[in-house]
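# Descriptive analysis of the structure
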Amino acid sequence: LKTVIENQYFFEISNLATRVRAMLQAAIYSKSLKLPEAVAATPPVTLMQVDTAKMEDLSYSAHTLWDGIFQVCGYSFLLVRYLGMAGLAGLALLLACLPLTAWLQVKLSTLNKRALKA
């Protein structure tokens, strides 16, 4: 049942994201036609492709922001319920590793920025 509901949700979200992208591209294009060339700092094609793609991606990932919290809490509850103290130990280890994961993510982000500059 969960799979059917999520597939329907993502189908509707992809339709919505496509419509939002098309409307934003149309709005940017119509406004760019009204501007003189000297005023436009960035080419309208760049705005139409890059910025609208970011808005489209946001609509896909917005679901994960709120749904992920519920899934982690629900699965953690089930883990502790079925495994007892071993489940609690696993959750404690997971929470203890969060600072290390955050530090590694910062380092990877820094290395990625350096590689993109080179």
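Note: the structure precedes this text.
A few points on the structure. A quick note: this is a predicted structure, and the numbers were derived from the prediction, not measured.

## Side note on the overall build of the protein chain
The number of helices and strands found in the protein chain is 3 helices and 0 strands. When the helices and strands of the protein chain are placed in sequence order, the string is α-α-α. Relative to a compact globule of 118 residues, whose C-alpha radius of gyration would be 13 Å, the protein chain shows 22 Å and is clearly more extended. Projecting the C-alpha coordinates of the protein chain onto the three principal axes gives extents of approximately 70 × 45 × 15 Å. The 118 residues of the protein chain split such that 9% are buried. When contacts within the protein chain are restricted to residue pairs at least 6 apart in sequence, long-range pairs at least 24 apart make up 66% of them.

## As for the pattern of salt bridges
Following the criterion strictly, the structure yields 2 salt bridges and no others. For the salt bridge of E6 with K2, the shortest nitrogen-to-oxygen distance reads 3.7 Å. In this pair, E6 and K2 are both assigned in helix α1 (residues 2–34), 4 residues apart and thus about one turn of the helix distant. Under the relative-accessibility criterion, K2 is labelled partly exposed at 45%. For the salt bridge of E56 with R21, the shortest nitrogen-to-oxygen distance reads 2.7 Å.

## So, the state of the cysteines
Using the criterion set out here, one finds 0 disulfides in the structure. Among the cysteines around C73, which has no disulfide bond, C97 carries the closest sulfur, lying 19 Å off.

## Here's the deal with the packing of aromatic side chains
Under the definition given, this model contains 2 aromatic pairs. Geometrically, the ring pair formed by Y9 and F10 is edge-to-face, given 5.4 Å between the ring centres and 75° between the ring planes. Relative accessible area serves as the criterion here: at 28%, Y9 is assigned to the partly exposed category. Ring plane angle 75° and centroid distance 6.2 Å describe the contact between W66 and F70, whose orientation is recorded as edge-to-face. Taken together, the residues span about one helical turn, with W66 and F70 both in helix α2 (residues 44–83) at a distance of 4 residues. The exposure class of W66 is partly exposed, given its relative accessible area of 46%.

## Some points on a nonpolar patch on the surface
Taken together, L16, V20, M23, L24, M55 and L58 make up a surface patch of nonpolar side chains, about 500 Å² in accessible area. Only α1 and α2 provide two or more residues apiece to the nonpolar patch. Assessed through its relative accessible area of 30%, L24 is described here as partly exposed.

Reading the values: rules and limits
- Residues numbered from 1 in each chain as written.
- Predicted model: local features only at pLDDT ≥ 70, side-chain atom pairs only at ≥ 80, totals over all residues.
- Heavy atoms only, no water.
- Helix = DSSP H or I, 4+ residues; strand = E, 2+ residues; numbered from the N terminus.
- Rg over C-alpha atoms; globule rule 2.2 N^0.38 Å.
- Buried < 20%, exposed > 50% of the residue type's maximum accessible area, 1.4 Å probe, protein only.
- Contact = heavy atoms within 4.5 Å.
- Salt bridge = Lys/Arg side-chain N within 4 Å of Asp/Glu carboxyl O.
- Disulfide = S-S within 2.5 Å.
- Phe/Tyr/Trp six-rings, centres within 6.5 Å; stacked < 30°, edge-to-face > 60°.
- Patch = residues over 30% accessible without salt bridge, like charges linked within 9 Å, V, L, I, M, F, W, Y side chains within 5 Å.
- Areas by Shrake-Rupley, 256 points an atom, 1.4 Å probe, with all protein chains shown as cover.

Nothing here speaks to function; it is geometry throughout.
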